[in-house]
Amino acid sequence: MIKVGKQNLITDVPGIRVGNFHDQKIRSGVTVIIPDEPAVAAADIRGGGPGSRETEALNPDCLVDVVHGIVLSGGSAFGLDAAGGVMASLREQRIGFNLGDAIIPIVPSAILFDLLNGGDKEWGMRSPYFDMGVKAVERIGKIFDLGNAGAGYGAIAGGLKGGLGSASFVFFDGKSQITLGAIAAVNSMGSLTMPGSPTMWAFPYEQNQELGNQPMPDNKIKMDLDFTFELPVGKNTTLVTVATDAALTKPQARRVAIMAQDGLARAIRPIHSPFDGDSLFVLSTGKKPLLDPVIGVSRLGMLAADCVARAIARGVYQAQSLGNVDSYRDRYGS
């Protein structure tokens, strides 16, 4: 039996915490995902315009097996500074690889573009993202805000206000009770809603009315599958982290990341465009062995894709209007 986790957040996964920080003046923010212990990690990058740091180290043929955190940030390339702040904070806590007298936290990160959303980006010679990374770590916990929060604060998704979303699943695989969760900062070029309709593409995956009891699409209306862009393109990207307590090797985590990317396609159309930097990370805390490593990974990847679709849709559903960008609920009602 598959059910939603207690909080319906990625932090339903034991040993995973999240911290958000945003600056209302610059309309941008940072989200950090921190495991209590080093976690096996992998990444899958599909967008045509990614911005990332330390993702190459996650390849299965590279030495590093575990990471100490993941950073999702606004700010385009400036936002990569946030990972430095997170590293500094973790180092102060003596968290990282110990190499002689050196402590080196491994903190992969990815960024989205929110530089043209009306916020004040005149910050001078030094970007604020290092300090925002530090402040996000100071706020880590099991409960966190959705919508206009963290890396999703200044996001725009296909003409609607984007945001930060999260969702979870719990299931029994015949040997262990496995928890799986996703968090997404949604700043997509593509639309989350069907053409001419308030119905989200992700409506079939809704659980417990988390998307306001999504309306069924009207089958009497012929849907035009061509696409008209509501806003100028070129300032996009959806960032996702999936976490699980299932024990995964690095190649297995990579396979789950590949499968979980399908969740972006279930929630956003179009996706993985030349203008998007869509990036997805997977974290495994390794606490629960799978009954069957092949079937288990297949099931985990399938549910991860569903969970990602829900997290993306929930981020936009929970967002509030900001500046001249309407939220989903302001435009369509709740």
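Look a little higher up for the structure.
Figured I'd write up the structure that's included with this text. Model, not experiment: these values are computed from the prediction.

What counts, and at which threshold
Residues numbered from 1 in each chain as written. Predicted model: local features only at pLDDT ≥ 70, side-chain atom pairs only at ≥ 80, totals over all residues. Heavy atoms only, no water. Axes fitted to C-alpha atoms, helices over the stretch in contact; angles between N-to-C directions. Helix = DSSP H or I, 4+ residues; strand = E, 2+ residues; numbered from the N terminus. Parallel < 35°, antiparallel > 145°, perpendicular 65-115°, else oblique. Left-handed = near helix turned anticlockwise from the far one by under 90°. Contact = heavy atoms within 4.5 Å. Nonpolar A, V, L, I, M, F, W, Y, C, P; charged D, E, K, R; others polar. Patch = residues over 30% accessible without salt bridge, like charges linked within 9 Å, V, L, I, M, F, W, Y side chains within 5 Å. Areas by Shrake-Rupley, 256 points an atom, 1.4 Å probe, with all protein chains shown as cover. Salt bridge = Lys/Arg side-chain N within 4 Å of Asp/Glu carboxyl O. Buried < 20%, exposed > 50% of the residue type's maximum accessible area, 1.4 Å probe, protein only.

## Some thoughts on the packing of helix H1 (residues 81–92) against helix H2 (residues 129–138)
Relative orientation and spacing of two packed helices are given, respectively, by the angle between their axes and the distance between those axes.
Next up, step 1: Where H1 contacts H2, the two axes come as close as 6 Å, and the packing angle between them is 45°. As summarised for this structure, H1 and H2 are arranged oblique, according to the angle between their axes. Every pair of crossing elements has a handedness; the one defined by H1 and H2 is right-handed. Between H1 and H2, the contacting residues are Asp81, Ala82, Gly84, Gly85, Val86, Ala88 and Ser89 on the first element and Tyr129, Phe130, Gly133, Val134 and Val137 on the second.
Next up, step 2: A breakdown of the residues in the contact of H1 with H2 according to their chemical character gives seven nonpolar, four polar and one charged.

## Details of a nonpolar patch on the surface
Next up, step 1: Taken together, the side chains of Phe97, Leu99 and Ile104 define a hydrophobic patch exposed on the protein surface, amounting to about 250 Å² of accessible area.
Next up, step 2: For leucine 99, the position within the fold is in strand E8 (residues 97–99).

## Remarks on unusual backbone geometry
Next up, step 1: Proline 270 follows arginine 269 through a cis peptide bond whose omega is -5°.
Next up, step 2: Looking at the element boundaries, proline 270 is found in the loop between helix H4 (262–267) and strand E16 (279–288).
Next up, step 3: Of note in the backbone geometry, serine 76 takes a positive phi value of approximately 50° without being a glycine.
Next up, step 4: Locating serine 76 in the fold gives a position in the loop between strand E7 (70–73) and H1.

## Description of helix H3 (residues 250–260)
Next up, step 1: Within the sequence span of H3, burial applies to Lys250, Gln252, Ala253, Val256, Ala257, Ile258 and Ala260.
Next up, step 2: Buried positions along H3 lie against strand E4 (39–45), strand E15 (237–246), H4, E16 and helix H5 (293–318).

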